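# Coordinate analysis (summary)
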Amino acid sequence: MLFNSIEFTIFLPIVFVLYWFVFNRNLKAQNAFVVAASYLFYGWWDWRFLLLIAFTSTCSWWSGLLIDRFRDSGNKAKWISGGNITLNLLILCLFKYYDFFAESFGRLFLGGASDSLLLHLILPVGISFYTFQALSYSIDVYRKKIEPTKDIIQFFAFVSFFPQLVAGPIERATNLLPQFGKTRTFDYHTATDGMRQILWGLFKKIVIADNCAIYVNEVYANFEDYSGSTLLVAAVLFAFQIYGDFSGYSDIAIGTAKLFGIKLMRNFNVPYFSRDIAEFWRRWHISLTTWFRDYVYIPLGGSRCSKAKIIRNTFVIFLLSGMWHGANWTFIVWGAYHALLFLPLILMGKNRRYRDTVAAGRLLPDVKSILKMALTFFLVTIGWVIFRADSIGQAWTYIANIFSPSLLTKPWHPDVIHYCHLFAFIALMLAGEWMHREDGNVLQMKRIQPRAVRFLCYMLIVVTIAIFNPGEGNQFIYFQF
Amino acid sequence: MKKFLIRTSLFILMVTVAMCVLDVVLTKKLNHYEYRPMLGWNEIYDGRASADIVVMGNSRAWVHYSPAILDSVLHCHTYNLGIDGSAFNRQYSRYKIYRMYDKKPKVILQNIDFVTLAYTTGYEQFQYFPYFYRREMQELVVPYEEFTFADKYLPFYRYANFGIKRIFKTKVAPVNGYIGKEEPWNGTRLRKKKSFKFTVDSTTLEQFEQYLAETHAEGIQMIFVHAPIYQEITQKLEGRDEMWRLYKRLAEQYQIPILNYEEDSLGMDTNYLYNATHLNKTGSEIFSRKLANDLKAMGIGQYL
């Protein structure tokens, strides 16, 4: 079920009440309830998906125990860990990439795509997320970062916890698993903070992302008919669509988890205020980028090796990151594009220049920072064109058409009033996130007193969401990954 | 926890009140909306749809029958109750509501075709939103459409879920319920569909017979009209003989004349059609004039 659906609006309060009032007396019972509720949430899409997540969870849990048991028996622990990784990745690749590679193989070597090679498997929702999450556990057990848990229910709760199950954040066992191992107590401030975060996430998803989608979908579907200026506007709107959609989902997930006394990791940290690509990748989809850093990049040697290996490692993680998003050459090219942007920074040792928040302690940034943010945003937006396109050919034509003489013409606007509203909301979102770029909590609004006025502000956001919902029930983009 | 639950409940209450206010405000605005599809309902509810001759049917009624031309030839007042995308089950609810707020017509021109007796729900449901809580809507429409529990019982939800912008997207103003479509021929639908089939739903047929019996008992002159459609559809239509047997049986039973333009020359020339099943503005005006003259020859009209 979608977060912005009536089913979830009914599901959440029921689960909340049962969690805190019925199952709170016993930790095991409460965890079992979390598993049951999460499986109900996930099974709402398709009950068959439950078999796969249960299988993945069981394999990873069991491998954790075996790794610990055979730790001192030569290479057995290594083989078990490797076996679990291989098995889970094979399952992921089968569902996600088999048809893509079979089709590509058919085109290259058999003179055309052959349907007999394809399996037409339905891609289970969230498989990329929970597979990586389960893998992080067995790898961390192998690395002795965490003790394996004997409590299978606790482990199932960690893998399937419904707020973050289908679109992240991809949690680490070291953060989330222990939270299911201890009693949770209800905290008023955490819960209200969670509600505010849910509200902000809904605003970003419904008002920003879904309204951008209307313009973006129309332009991308008929991009050859539009001027360069229109294509550029659509590219920028897609940048905000994907941000509003994905970070909105993460906010709803994190806010929902707070209602249950669970703290999830931050997944977005105002990425469009980044001053270079390296900073962007420290602020965008943090859970995935840190996963690749810790489990792929560093084991390969990271940046503490020869230049040739640094180049290799950089390309490996960006290409894998691209591939993680889906079975299309556009995602791989998108990954390669970012690798090419990142490489000069890392080779010059400038990839860690901007570890602080831009204009920290100041109201406005300086001109240099503005220009850097603008350039980084532009480069990222071009990357999003590749990401969004259906094919590399379309991406190339789209980008070429942006930089045609028609870039200087007036962009197409079917409904200028509506798009004035949309740009105003985007500006409002950016302003809010700018003001709270250091604490990350836009709706906390501590400066607004009294409480009744803050309440009214929240009410206004709810009314805005209701009025500016474009309808048509848009899915979250990252569900397809 | 208690403080959280109380404050959350208070917030939900405030939101509910706000949604009720929004619902009322938007409903009032749409009750004066001058574009389709709400305009037709507003005219019905305001009694502005009262007419001597009423056109009933689906989209073919709506775009084929020009009240202005019928009025000029027949010297009467005509209103077009055609409802887009709707088989008779929906047409009947519209007619019943029309009869509650507007005067009894002297003549009904009932457009008939291969989908009149099918069953449709869900299409352009938003046209019902502003009248949702009226008693007759709750009895005649809401139970039979695809409205969810939330649509029915949460204030403003139906508007928000559908998308307010989508409601106001169409700026087309029918005149006495009629729109002349000035669009070029588009044969895509024809090319995509291999066959067209005469469809009968038993509930719809039952309602149709009830409607014919009622109008007959009230002394309303019912006339079946089959408007021109693209000749290829007529040729491809499965169940064509069955269709005509049924309509002829009903016509005989209730003494209803049939005006059949199925094979009219308008249906052979794509210059008069904008797609395989609808005449464009030029085509509909020529058809309306033909129809008006044929009705005049039958002694229909001269009510003014």
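Above: the structure in question.
Residues numbered from 1 in each chain as written. Chains lettered and ligands numbered in written order. Predicted model: local features only at pLDDT ≥ 70, side-chain atom pairs only at ≥ 80, totals over all residues. Heavy atoms only, no water.

### Some details on the overall build of chain B
To keep things clear, this is the line we draw: Secondary structure elements follow DSSP: runs of H or I no shorter than four residues count as helices, runs of E no shorter than two count as strands, and numbering proceeds from the N terminus. Atoms counted for the radius of gyration: C-alpha only. Globule rule: 2.2 Å times the number of residues to the power 0.38. Relative accessibility thresholds used throughout: buried, under 20% of the residue-type maximum; exposed, over 50%; partly exposed, between the two (1.4 Å probe, protein chains only). Residues are treated as being in contact if the distance between any of their heavy atoms lies within 4.5 Å. Accessible surface area values rest on a Shrake-Rupley calculation with a 1.4 Å probe, where residue burial reflects the displayed protein chains alone. In this tally, Lys and Arg are treated as positive and Asp and Glu as negative; His is ignored, and so are the chain termini. By convention, the charge on Lys lies at NZ, on Arg at CZ, on Asp at CG and on Glu at CD.
Counting its secondary structure elements, chain B contains 14 helices and 9 strands. Scaling as 2.2 N^0.38, a compact globule of 304 residues should have a C-alpha radius of gyration of about 19 Å, and chain B matches this with 21 Å. By principal-axis analysis of the C-alpha atoms, chain B measures approximately 75 × 45 × 35 Å. Burial status across chain B gives 54% buried among its 304 residues. Of the contacts made within chain B by residues no fewer than 6 positions apart, 81% connect residues no fewer than 24 positions apart. Accessible surface computed for chain B: about 13500 Å², of which carbon and sulfur atoms make up 53%. Chain B carries 39 positive and 33 negative side-chain charges, and their two centres are separated by 8 Å.

### Here's the deal with the packing of aromatic side chains
For clarity, the threshold we go by: Between rings of Phe, Tyr and Trp, where Trp is taken as its six-membered ring, a pair exists when centres lie within 6.5 Å; planes separated by under 30 degrees are stacked, by over 60 edge-to-face, and by other angles tilted. Working rule: Lys NZ or Arg CZ, within 6 Å of ring centre, within 35 degrees of ring normal, means a charge sits over the ring.
Taken as a whole, this structure holds 96 aromatic pairs over all chains when the rule is applied. Between Phe238 of chain A and Trp384 of chain A, the aromatic rings sit 6.4 Å apart at their centres with planes inclined by 80 degrees, giving edge-to-face as the arrangement. In this pair, Phe238 of chain A sits in helix 11 (residues 228–259) while Trp384 of chain A sits in helix 16 (residues 367–388), placing the two residues 146 residues apart along the sequence. For the pair shown, Phe238 of chain A and Trp384 of chain A are each scored as buried. Between Tyr65 of chain B and Phe287 of chain B, the aromatic rings sit 5.3 Å apart at their centres with planes inclined by 90 degrees, giving edge-to-face as the arrangement. A residue pair is termed long-range when its members are at least 10 positions apart, and Tyr65 of chain B in the loop between helix 3 (59–64) and helix 4 (67–74) and Phe287 of chain B in helix 14 (residues 281–297) qualify at 222 residues. For Phe287 of chain B, a relative accessible area of 0% gives the class buried. In this arrangement the basic side chain of Arg94 of chain B is found over the ring face of Trp41 of chain B, its NZ or CZ atom lying 4.7 Å from the centre.

### Points about the packing of helix 19 (residues 451–468) of chain A against helix 1 (residues 2–30) of chain B
Basically, it comes down to this: Axis angles are defined between N-to-C directions and span 0 to 180 degrees, where every axis is a line fitted to C-alpha atoms and, for a helix, only to the segment in contact. Working rule for angles: under 35 degrees goes down as roughly parallel, over 145 as roughly antiparallel, 65 to 115 as roughly perpendicular, anything else as oblique. Handedness of each helix crossing follows the sense of rotation of the near helix against the far helix: counterclockwise by less than a right angle gives left-handed, clockwise gives right-handed. Three categories are distinguished: nonpolar for Ala, Val, Leu, Ile, Met, Phe, Trp, Tyr, Cys and Pro, charged for Asp, Glu, Lys and Arg, and polar for the others, with Gly belonging to the last.
At a minimum axis separation of 10 Å, helix 19 of chain A and helix 1 of chain B run at an interaxial angle of 50 degrees. Between helix 19 of chain A and helix 1 of chain B, the interaxial angle falls into the category oblique. Crossing handedness for the pair helix 19 of chain A and helix 1 of chain B: right-handed. Judged by residue contacts, Arg451, Phe455, Tyr458, Met459, Val462, Val463, Ala466 and Ile467 of chain A of helix 19 of chain A engage Arg7, Phe11, Met14, Val15, Ala18, Met19 and Leu22 of chain B from helix 1 of chain B. When grouped by side-chain class, the residues that make up the contact of helix 19 of chain A with helix 1 of chain B number 13 nonpolar, no polar and 2 charged.

### Concerning the interface of chain B and chain A
The condition that has to hold: Summed over both partners, the accessible surface that disappears when two parts come together, traced with a 1.4 Å probe, is what is meant by buried area. A pair is scored as a salt bridge if a Lys or Arg side-chain nitrogen falls within 4 Å of a carboxyl oxygen belonging to Asp or Glu. Polar contact is defined as a pair of N or O atoms within 3.5 Å, subject to the rule that within protein one atom must be able to donate a hydrogen and the other to accept it, and that residues adjacent in sequence are counted only when both atoms are side-chain atoms.
Listed by partner, the interface residues are 23 residues for chain B and 24 residues for chain A. Across the chain B/chain A interface, buried area totals approximately 2100 Å², and carbon plus sulfur atoms make up 79% of it. Taken as a group, Met1, Phe4 and Lys165 of chain B account for 31% of the area that chain B buries against chain A, more than any other trio of residues on that side. For the interface between chain B and chain A, the tally reads 0 salt bridges. In this structure, the connection of chain B to chain A is made through 2 residue pairs in polar contact (both at pLDDT 80 or more). When contributions to the side of chain B that touches chain A are tallied by element, the ones reaching two or more residues are helix 1, helix 8 (157–162) and helix 9 (164–167) of chain B. For the side of chain B that touches chain A, the element with the most residues is helix 1 of chain B, which contributes 11 residues. Tallied by class, residues from the side of chain B that touches chain A come to 16 nonpolar, 3 polar and 4 charged.

### Structural notes on the nonpolar core
Our working rule: Definition used in this section: a nonpolar core is a set of buried Ala, Val, Leu, Ile, Met, Phe, Trp, Tyr and Cys residues joined via side-chain atoms within 4.5 Å.
Tyr272 and Trp384 of chain A together with Leu109 of chain B are the most contacted members of the largest nonpolar core, which totals 232 residues. At 16 residues, helix 11 of chain A tops the list of elements feeding residues into this core. In this structure, Tyr272 of chain A is in contact with Ala239, Phe240, Ile242, Tyr243, Phe280, Trp284, Phe377, Val380 and Trp384 of chain A, ignoring residues within four places of it in sequence. Core analysis: the second largest hydrophobic core is formed by 6 residues, Val270, Val358, Ala359 and Trp434 of chain A among them.

### Re the environment of Asn351 of chain A
All names here are of chain A. Here Asn351 shows up in the loop between helix 15 (329–347) and helix 16. A relative accessible area of 13% means that Asn351 is categorised as buried. Expressed as a C-alpha distance, the spacing of Asn351 and Thr381, which sit 30 residues apart in the sequence, is 20 Å. Every residue in contact with Asn351, bar those within four places of it in the chain, is listed here: Ala278, Arg282, Phe342, Leu345 and Ile346.

### Quick word on the side chain of Glu433 of chain A
All names here are of chain A. Position of Glu433 relative to the elements: it lies in helix 18 (residues 416–435). Residue classification places Glu433 among the buried residues on the basis of a relative accessible area of 6%. A polar contact is formed between the side chain of Glu433 and the side chain of Lys204, at a distance of 3.1 Å.

### Digging into the sheet that holds strand 2 (residues 78–80) of chain B
Residues and elements named next belong to chain B. Condition: The pairing criterion is simple: DSSP has to find at least two bridges between the two strands.
Spatial ordering of the open sheet is given by 2-1-3-5-7, a layout of 5 strands whose pairing is parallel. Both outer strands of the open sheet, strand 2 and strand 7 (258–260), are each paired with one neighbouring strand and no more. Each adjacent strand pair in this sheet contributes to an overall mean axis angle of 20 degrees, direction not counted. As judged from the 5 bridges shared by strand 3 (residues 107–111) and strand 5 (residues 221–226), these two strands associate in the parallel manner. By the bridge assignment, Asn111 is partnered in strand 5 with Val225. Across the sheet, helix 11 (residues 202–217) touches strand 1 (53–56), strand 3 and strand 5, and the angle it forms with strand 5 is around 140 degrees.

### Considerations on the pattern of salt bridges
Tallied over the full model, the rule gives 32 salt bridges over all chains. A salt bridge links Glu139 of chain B to Arg135 of chain B; its shortest N-O distance comes to 3.6 Å. Separated by 4 residues within a single helix, Glu139 of chain B and Arg135 of chain B lie in helix 6 (residues 135–140), roughly one turn from each other. Judged by relative accessible area, Glu139 of chain B falls into the partly exposed class, the value being 46%. The shortest N-O distance in the salt bridge between Lys290 of chain B and Asp264 of chain B comes to 2.8 Å. Taken together, the residues span a long stretch of sequence, with Lys290 of chain B in helix 14 and Asp264 of chain B in the loop between strand 7 and strand 8 (273–275) at a distance of 26 residues. Of the residues examined, Asp264 of chain B reaches a relative accessible area of 15% and is grouped as buried. The structure contains a network of salt bridges with shared partners spanning Arg275, Glu279, Arg283 and Asp356 of chain A.

Remember that the coordinates give geometry; whether it matters functionally is a separate question.
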